[in-house]
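Listed below, chain by chain, are the residues.
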Amino acid sequence: MSRASRFARRWRWQLAAAPVAAGALAAGVVLTGASSATAAYRTATVSTGDVTQTLTATGSLSSASQHDLAFQVDGEVAKVRVGVGDTVEAGDVLATLDTSDLEDAVAEAEDALADAEEALADDLDAQSEGTTSSSDASSAAYDADASEGAAAAVVLTAAYVPGTVAVTTATAEDPAVAQARAALVAAQETLLAQYDTAQALLEAADAAAVAAQEICAAFTSAGDDASGEDEPGEEPEDADESDEPDLAAALSACQDATAAALAASRESIDAQSALMDLAGEVDDAVAALQLALAADDAGGAPDDGSAGQPGGDAGSGTAQPDGGADGSTGMDGSTGMDGTTGMDGTTGGDAVDTGTVPSAADILADKADITDAKAALAVAEGQLEHATLTAPVAGAVVAVSLEEGASVTGGDTAASITLIADNTYLVALAVSLTEAQLLAVGQDASLTLTSTGDVVEGTVSSVSHTNTGNTFQQSYAVTIAVPDPGFDIRIGAATRMTITVASATGVLVVPTSAVSDAAGDATVSVIGADGEPTAVSVETGAIGAVYTEVVSGLAAGDEVVLADLTADVGTADDDASDGSGGLLGGLGSDGEESSGGRGEQGFSGGGFPGGGAPPTMNG
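Now for a look at the structure at hand.

As a further point, take the overall build of the chain. On a plain count of helices and strands, the chain comes out with seven helices and 29 strands. In the chain, which comprises 619 residues, the proportion classed as buried is 39%. Taking the intrachain contacts of the chain between residues at least 6 apart in sequence as the baseline, contacts between residues at least 24 apart amount to 71%. Total accessible area computed for the chain in this model is approximately 30200 Å², and 50% of it derives from carbon and sulfur atoms.

And the structure:
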């Protein structure tokens, strides 16, 4: 998987909604008298209308006239669904592979990831308890009833959840031990967080280096073209001065890309250095916990040293790490006693050697194993997805060189299906997870050519479910198929697309600004008979910039609150930071309409197409 492909396409997306107000929606704002209970609120009346939710993007058109379609993974052909002469539509399945081995590979990768995460949890657990790591047990128990002089038992459990380390104490422990343990847990959490940061910066530095190489390669190529080297026997040509600006621009781009790559590399190195410093702090915290445990154990032991002395009969049978002749405790977590109770909770028998407490290096190794396991799982899932061969565009099948039951090699076009689509085009996009979840094969798309203003129609032909980015910058491949528009389009022409992702006609609608968290646990404030607002949970459908479809929770004629006229409107700075007068809408920094509280998604469009009017506004 090329990192450059993930960074080469940077598509700017916005969710757009073009609602159509219809039915009995009346224009105007009606102000009520001061005696009205609702005079303190600006309200609107729920009615019916049409809502269309769209997603917009920019991209460039590529040729889709001929495609030699081959499987991208090895396998055995299970089914060939087309033959020569068949016509297909974009997104149709052409052939499939036997997925048994691929599904097994995904299951194995999932198991490997679970094992790696369990190993990390065990090592964090062992560090917090001051014992060795064990995949069979996640807690250590001391038998308090082993003898009359036994110290109080402490049962500890440490559980790892990505981003947190939780330690639960069943019984009270010495304050010094508790403080040392808390300091260790905090150091562990900081180390794990820094590992994620360092990993992300390392990936970004790699991507910047690849991008710089590609950009500088373009400069080298431009320089070779401008040099005008002649073939033997040819007359020398004068240099074209018009090439000089292009060459200068290519050089500048190369220099900028190289500087960016160096800066990313330095940032990654600094993060790695900080990670090593934090690893040292974890090791120091482990040592401090061991000392605290040793001091606690020594303080609770009888004066005659009968507990934890090697070669003697332990009076209490309480386990002591690396006990010496005087009952002292070592730093490696091992025991040197012949007591009746061991560190593993067993009674009777010889000394129990707990070995060495996991170090920060062990924790980082566990995290690296998890990173590798996640990468392997992503590869396995991607290979399973590639077991289905689909048509990227509509067209005619002109050749089939696949046979059912035959083995194929990934990427081998000798075993392929050839599809011809005259004067058709494609737009390849890379979208985020949130955007990918809104898209589906078959959705309509309208494309406007930015150079001419011509509008052509297209269809979403594929939506990948495999993240080709990373944990911190997700990327999903989407293809828009454009059938023959009836005229030629220059390859590489820029276009702005509007994809319809949801629509509803003649449904109950409410102004979007009246809805709180329309895409989540949506609520609307409804004016009751007493004139006071009450929050009501609603189920929403299509979300527009002006209107949102209400599936349940409201009825036509309900009066909903748009604004509290008595509320403090805040300062100019507050307004600027919000960027929106309601849930959606407003202008982003680039001058385009963007979201007012929806993260990367921005709703635009709207208005009242066809002469529709807004709902009745009260107050």
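Counted at 1.5 Å a residue, the expected span for helix α2 (residues 100-129) with its 30 residues is 44 Å, and the 43 Å between its end C-alpha atoms agrees. Downstream of α2 by a residue or two, Gly130 has a phi angle that is positive, lying close to 75°.

Turning next to helix α5 (residues 360-385). A turn of α-helix holds 3.6 residues, and therefore any two residues three or four places apart point the same way. Given a rise of 1.5 Å per residue, 26 residues ought to cover 38 Å, and the 38 Å separating the end C-alpha atoms of α5 matches this to within 8%. Listing the buried residues of α5 in full gives Ala360, Ile363, Leu364, Asp366, Lys367, Ile370, Ala373, Leu377, Ala380 and Gly382.

Read across the open sheet, the four strands follow the order β14-β10-β8-β16; overall the sheet is antiparallel. Among the strands making up the open sheet, the edge pair consists of β14 (388-390) and β16 (407-408).

In the structure shown here, the tally under the stated rule is two salt bridges. Where Glu404 meets Lys79, a salt bridge forms, and the shortest distance between an N and an O atom there is 3.9 Å. With Glu404 in the loop between β15 (395-400) and β16 and Lys79 in strand β8 (residues 75-80), the pair connects residues that are 325 residues apart, well separated along the chain. On the basis of relative accessibility, which here comes to 39%, the residue Lys79 falls in the partly exposed class. Residues Asp196 and Lys367 are paired through a salt bridge, measuring 3.1 Å at the closest nitrogen-oxygen approach. Within this pair, whereas Asp196 is found in helix α3 (residues 175-227), its partner Lys367 is found in helix α5, the two being separated by 171 residues in sequence. With a relative accessible area of 27%, Asp196 lands in the partly exposed category.

Across all of its chains, the model carries one disulfide by this definition. Between Cys216 and Cys254 runs a disulfide, and the two sulfur atoms are separated by 2.0 Å. Because the sign of the S-S torsion sets the handedness, a value of about 95° for the bond joining Cys216 and Cys254 places this disulfide among the right-handed ones. Here the residue Cys216 occupies a position in helix α3, and Cys254 occupies one in helix α4 (residues 243-299), the gap between them amounting to 38 residues. Cys216 sits in the buried class, given a relative accessible area of 16%. Using a relative accessible area of 11% as the deciding quantity, one classes Cys254 as buried.

Each value, and the rule that gives it
Residues numbered from 1 in each chain as written. Predicted model: local features only at pLDDT ≥ 70, side-chain atom pairs only at ≥ 80, totals over all residues. Heavy atoms only, no water. Helix = DSSP H or I, 4+ residues; strand = E, 2+ residues; numbered from the N terminus. Buried < 20%, exposed > 50% of the residue type's maximum accessible area, 1.4 Å probe, protein only. Contact = heavy atoms within 4.5 Å. Areas by Shrake-Rupley, 256 points an atom, 1.4 Å probe, with all protein chains shown as cover. Expected span 1.5 Å × (residues − 1). Pairing = 2+ DSSP bridges. Salt bridge = Lys/Arg side-chain N within 4 Å of Asp/Glu carboxyl O. Disulfide = S-S within 2.5 Å.

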